[in-house]
Amino acid sequence: MYYVSDGDAILRIAIAGGLGFLIGLERLVRGNPAGPRTFSLLPMGAAGFSVVAAGYRNDGRVIAGIATGVGFMGAGMIWHDSARGVIGFATAASSWATVSIGVLAGVDRGAVAAA
């Protein structure tokens, strides 16, 4: 088992949350329904699962599960409105992309996540 120290795990999750917060602020300013809280929690959760997976030298199944789970959440965000057409697609896509930032931070790729 590969050991990830508590301090390192907390740092990785904090980086993910901070980057998600910045994305959420941008969405809040533009008047989108999901804001800083949602966009902080999504990558923090993904980073948490990724840190645990990294500790057990996971072969990618946890990361695949994260992507699948967020995909299902995103599907629930997309609606068809007869007056406005398809709505929520950008929020779903943003959520999915933000979770990938959390995974990157969780596997100690913070610089790539920030980029």
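We now turn to the structure provided with this report. Note that the structure is a prediction, hence the values are computed from the model and not measured.

Digging into the overall build of the chain
Consideration 1: The number of helices and strands found in the chain is five helices and two strands.
Consideration 2: Mapped from its N terminus to its C terminus, the chain presents α and β elements in the order α-α-α-β-β-α-α.
Consideration 3: On C-alpha atoms alone, the chain measures out to a radius of gyration of 15 Å, which is about the 13 Å that the 2.2 N^0.38 rule sets for 115 residues.
Consideration 4: Taking the principal axes of the C-alpha coordinates as reference, the chain spans close to 55 × 25 × 20 Å.
Consideration 5: Expressed as a percentage of its 115 residues, the buried residues of the chain come to 33%.
Consideration 6: Put simply, 59% of the contacts in the chain that link residues at least 6 apart link residues at least 24 apart.

Regarding helix 1 (residues 6-29)
Consideration 1: Counted at 1.5 Å a residue, the expected span for helix 1 with its 24 residues is 34 Å, and the 34 Å between its end C-alpha atoms agrees.
Consideration 2: Turning to helix 1, its buried residues number three or more, namely Ala9, Arg12, Ala16, Gly17, Leu19, Gly20, Gly24 and Arg27.
Consideration 3: For helix 1, the secondary structure elements touched by its buried residues are helix 2 (36-55), helix 4 (89-106) and helix 5 (110-114).

Reading guide: rules and limits
Residues numbered from 1 in each chain as written. Predicted model: local features only at pLDDT ≥ 70, side-chain atom pairs only at ≥ 80, totals over all residues. Heavy atoms only, no water. Helix = DSSP H or I, 4+ residues; strand = E, 2+ residues; numbered from the N terminus. Rg over C-alpha atoms; globule rule 2.2 N^0.38 Å. Buried < 20%, exposed > 50% of the residue type's maximum accessible area, 1.4 Å probe, protein only. Contact = heavy atoms within 4.5 Å. Expected span 1.5 Å × (residues − 1).

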